[in-house]
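Descriptive analysis of the structure
Letter by letter, the chains look like this.
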Amino acid sequence: MLQAVFAALMGSALLWGLMRGEGAAAAMAMLEASREAVNTALLLAGAFGLFCGMLAMLRQSGAVGWLSGRVRPLLRLLLGKGLTEEALESVTLNLTANMLGLGSAATPLGLEAARKMGGSGEAASNALCLFLVINASSVQLMPTTVIALRAAEGSAAPGSVIFPALLATAISTLTGIIACKIGERLA
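Residues numbered from 1 in each chain as written. Predicted model: local features only at pLDDT ≥ 70, side-chain atom pairs only at ≥ 80, totals over all residues. Heavy atoms only, no water.

Right, let's talk about the overall build of the chain for a bit. Counting its regular elements, the chain contains eight helices and zero strands. Taking 16 Å as the expected radius of gyration for a compact globule of 187 residues, we find that the chain reaches 21 Å, considerably beyond that expectation. With the principal axes as the frame, the chain shows a C-alpha extent of 70 × 40 × 25 Å. Each of the 187 residues in the chain was classed as buried or not, and the buried ones make up 29%. Pairs at least 24 apart in sequence give 61% of the contacts found in the chain among residues at least 6 apart. (Helix = DSSP H or I, 4+ residues; strand = E, 2+ residues; numbered from the N terminus. Rg over C-alpha atoms; globule rule 2.2 N^0.38 Å. Buried < 20%, exposed > 50% of the residue type's maximum accessible area, 1.4 Å probe, protein only. Contact = heavy atoms within 4.5 Å.)

So this is what it looks like as structure tokens:
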């Protein structure tokens, strides 16, 4: 469906350019935009590789374990004591990767955590719902993708988004936690 919408948009833009007598300019603009898209994708792939490598080094050095150790007691408090150790480890690793701005690397860990937290019924548990809310709002200590995109576009200070991102994601995470806890009490 999305491909059809995209094709319709591209076709109508080209048709509009042709009707205005600017078909060559429209075609050149489309080619230039596609070149920029490929360059941005390559830069993001490089940044993703860099930060995945950094995550691997942080894991080997014990820094991720240290951060996980700091987050784990809070997660036990929020998600409840009924969580298995394996599920808690997956949740902790997922949220740690998200905090470091490695959302794509965190996705498999999040899926694994959700599977381990899943109950036997059709309805999701309160702990799983809260995990999904925390995962979606994801406190960002290092918004690597945004920094990489800003660097790709030639920003003079691509890292200047770190504090605003931290503030915004901390507020959204806290709001989500409060909403979930209120929902738990009302249910």
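A few words on the nonpolar core. Counting residues in hydrophobic clusters, the biggest one holds 20 residues, and the most contacted among them are L75, L79, V91, L95, M117, L130 and F131. In terms of nonpolar packing, the next biggest core, distinct from the first, is built from five residues, L55, A97, L102 and A106 among them. (Core = buried A, V, L, I, M, F, W, Y, C linked by side-chain atoms within 4.5 Å.)

Helix length check: helix α6 (residues 126-137) (12 residues) gives 17 Å between terminal C-alpha atoms against 16 Å at 1.5 Å per residue, within 8%. The complete set of buried residues in α6 reads A127, L128, L130, F131, I134 and S137. Positive backbone phi, at 40°, marks S138, one or two positions downstream of α6. (Expected span 1.5 Å × (residues − 1).)

What follows concerns the state of the cysteines. Under the defined criterion, the tally for this structure stands at zero disulfides. C129 takes part in no disulfide bond, and the closest cysteine sulfur, belonging to C180, lies 6.8 Å away. Since its relative accessible area comes to 17%, C180 is described here as buried. (Disulfide = S-S within 2.5 Å.)

Quick look at helix α5 (residues 103-117) now. For α5, which comprises 15 residues, the first-to-last C-alpha distance of 20 Å matches the rise-based estimate of 21 Å (1.5 Å per residue) to within 8%. When α5 is considered as a whole, its buried residues turn out to be A106, L109, G110, A113 and M117.

Here we take up the pattern of salt bridges. Within the structure shown, the criterion is met by three salt bridges. For R35, the salt bridge is made with E32, and the minimal N-O distance between the two is 2.5 Å. Placement of the pair is R35 and E32 together in helix α2 (residues 23-61), with a separation of three residues, close to one helical turn. Taking relative accessible area as the criterion, R35 reaches 44% and is therefore assigned partly exposed. Taking the relative accessible area as the measure of exposure, E32 reaches 33% and is therefore partly exposed. Between K181 and E184 there is a salt bridge, with its nearest N and O atoms 3.7 Å apart. One end of the pair is K181 and the other is E184, both in helix α8 (residues 162-186) and three residues apart, which spans about a single turn. A residue is classified by how much of its surface remains accessible, and E184, at 26% relative accessible area, is partly exposed. (Salt bridge = Lys/Arg side-chain N within 4 Å of Asp/Glu carboxyl O.)

Scope: geometric values only; no functional claims are made or implied.
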